[in-house]
Amino acid sequence: MAVFVALGAFLMTLAGGWTAQRVTDRRHLVLGLAGGLMLGVVGLDLLPEALRAADREIFGVPAALLLFVAGFLLAHLVERTLAARQAAHGAGDHHNHRAPEVGLAAAAAMVGHSAMDGVAIGAAFQVGTGMATAVALAVIAHDFADGFNTFTLTSLYGNDRRRAIGMLVADACAPVVGALSTAFFHIPEPVLGGYLGLFGGVLLYLAAAEILPEAHHEHPARSTLLCTVAGAAFVWLVVGLSGG
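Residues numbered from 1 in each chain as written. Predicted model: local features only at pLDDT ≥ 70, side-chain atom pairs only at ≥ 80, totals over all residues. Heavy atoms only, no water.

Some remarks on the overall build of the protein
Short version of the rule: Numbering goes from the N terminus for both helices and strands, where a helix is a DSSP run of H or I of at least four residues and a strand is a run of E of at least two. Remark: exposure states derive from per-residue accessible area (1.4 Å probe, protein chains only) relative to the maximum for the residue type, with buried under 20%, exposed over 50%, and partly exposed in between. In this description, contact between two residues means that some pair of their heavy atoms is separated by no more than 4.5 Å.
Along the protein, the regular secondary structure elements total eight helices and two strands. Mapped from its N terminus to its C terminus, the protein presents α and β elements in the order α-α-β-β-α-α-α-α-α-α. Put simply, the protein has 244 residues, and 44% of those count as buried. Intrachain contacts of the protein at a sequence separation of at least 6 include 83% that bridge at least 24 residues.

Remarks on the environment of W236
Tracing the sequence through the fold places W236 in helix α8 (residues 222-241). Judged by relative accessible area, W236 falls into the exposed class, the value being 63%.

Details of the side chain of D146
Inspection of the secondary structure puts D146 in helix α5 (residues 129-156). In contact with D146, not counting residues within four places along its chain, are M110, H113, S114, D117 and D171.

Digging into the packing of aromatic side chains
As a reminder of what qualifies: Two rings belonging to Phe, Tyr or Trp (six-membered ring only in the last case) form a pair when the distance between their centres is within 6.5 Å. Interplanar angles under 30 degrees mark stacking, angles over 60 mark edge-to-face geometry, and anything in between is tilted.
Counting across every chain of the model gives two aromatic pairs. Ring centres of F72 and Y205 lie 5.2 Å apart, and the angle between their planes is 85°; this geometry places the pair in the edge-to-face category. You can see F72 sitting in helix α3 (residues 63-88) and its partner Y205 sitting in helix α7 (residues 189-217), a full 133 residues away along the chain. Seen from their ring centres, Y195 and F199 are 6.0 Å apart, and the 15° between their planes marks the pair as stacked.

Considering the nonpolar core
Definition in use: To define a nonpolar core, start from buried Ala, Val, Leu, Ile, Met, Phe, Trp, Tyr and Cys residues and group those joined through side-chain atoms within 4.5 Å.
Membership of the largest hydrophobic core comes to 37 residues, with the highest contact counts inside it found for M38, L46, L153, L203, L206 and I211. Within the residue set of this core, elements represented by two or more residues are α2 (27-53), α3, α4 (100-127), α5, α7 and α8. Broken down by element, the residue count for this core peaks at 10 residues, all from α2.

Considering unusual backbone geometry
Of note in this structure, F59 is not a glycine but carries a positive phi near 55°. In this structure, F59 sits in the loop between β1 (57-58) and β2 (61-62).

Some thoughts on α7
Quick note on the threshold: Multiplying 1.5 Å by the residue count of a helix minus one yields the expected span of that helix. Bend, at a single residue, is the angle you get between axes fitted to the 7 residues ending at that residue and the 7 residues starting at it.
For α7, built from 29 residues, the straight-helix expectation of 42 Å at 1.5 Å per residue is met to within 8% by its first-to-last C-alpha distance of 41 Å. The sharpest bend along α7 measures roughly 35° and falls at A207.

Structural notes on the confidence of the model for the protein
The predicted structure's coordinates, where accompanied by low pLDDT, should not be read in detail. Keep this limit in mind: One number per residue, pLDDT, summarises how confident the predictor is, and it ranges from 0 to 100.
Averaged over all residues, the pLDDT of the protein equals 79, while 81% of them reach at least 70. Ranking the helices and strands of the protein by mean pLDDT puts β2 first, with 92, and α5 last, with 72. Low pLDDT, under 50, characterises residues 91-96; the predicted model gives this stretch eight contacts beyond four residues in sequence or across chains.

Points about the side chain of N149
Along the chain, N149 turns up in helix α5. The exposure class of N149 is buried, given its relative accessible area of 2%.

Notes on the environment of G17
Inspection of the secondary structure assignment puts G17 in helix α1 (residues 2-22). In this structure, the C-alpha to C-alpha distance between G17 and I165, residues 148 residues apart in sequence, is 7.9 Å. Ignoring any residue separated from it by four or fewer positions in sequence, one finds G17 in contact with G147, F148, F151 and L168.

Structural notes on the environment of T152
So the rule is basically this: In protein, a polar contact requires one atom able to donate a hydrogen and another able to accept it; more generally it is a pair of N or O atoms within 3.5 Å, and residues adjacent in sequence count only if both atoms are side-chain atoms.
Relative to the helices and strands, T152 resides in helix α5. According to the relative accessible area criterion, T152 is buried, its value standing at 6%. Ignoring any residue separated from it by four or fewer positions in sequence, one finds T152 in contact with A20, V30, L31 and A34. There is a polar contact of 2.7 Å between the side chain of T152 and the backbone oxygen of F148.

Observations concerning a nonpolar patch on the surface
Defined as follows: Like-charged residues within 9 Å of one another, or nonpolar side chains (Val, Leu, Ile, Met, Phe, Trp, Tyr) within 5 Å, are grouped into patches, provided each residue has over 30% relative accessible area and no salt bridge. For every accessible area listed, the method is Shrake-Rupley and the probe measures 1.4 Å; residues are considered covered only by the protein chains on display. For this document, the term salt bridge refers to a Lys or Arg side-chain nitrogen within 4 Å of an Asp or Glu carboxyl oxygen.
A cluster of nonpolar side chains, contributed by I58, F59, V61 and L66, occupies part of the molecular surface with about 410 Å² of accessible area. Topologically, I58 is positioned in strand β1.

Set out below in C-alpha cells:
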C-alpha cells in the first residue's frame, strides 16, 4: 500500500514538471509561482516539521534552526564559488551565464527530499492507517510543487531540456524508492528533523536570492507577484487540508 501511494506521488511530480515546461512562454509567471511554492514549503511545511522532529537545542537555539541557517549559507557558498569559477574562465555576466552545476545540485536536493517523502509514507503505514492517510495526502499534494520546482530550477541555470526532464523523472521515482526502503531501515526522527532544517535553508536561498529576483528582472508585473502569493497560498491550503 505504501508503494501504491508513492506511485500517486510519482504521477503528481510528473504533472508538476509537465506544467512547468508547458508554460515557458510565461517564464516570469512560472518563476514567480515557483518562488511562492518554495517559500510556502519552507515556512509552512519543512520548518515546522523540522522543529517538531529535532527538538534538541544547541547553545539556546533549536538545532533545526541552526541547520536551516547552515543550509542557507551552504547554498550561498556553493553558488558564489561556482559563479567565481565561471567568471575566472571568462563566462562573462553572471546574470546571463548561471552555473548549470547549481541547477543540477538544487534539483538533486529536490530528489533527495522526494526520497524522504517516500520514507515518510512507508514509516506512516507502519504506525497506522490514520497517520498513513494524512501523510499520503500531504506528500501527494505537495509533490506537484516538487516536480514544478525541480524542472524550473534545472532549466533556470542553463541546463538543456533533456537534463531537466532527467532530473524530473528522478524526482518522480524517488518517493517510490524511499517507500520501498522502509522495509530495510528506519531513520531516527532527530536526524530527519535536522535534514529538513538544512534542506529548508537551501530552498529558501534559492527562492529568495535566485528564483524571485529572476522572475521580476524583465517582467516586474503585478501578475508575477500574484503568482508568488498564489504559490505560497497553495502550500498553506495543502498543509491545512492534510492536518499539518
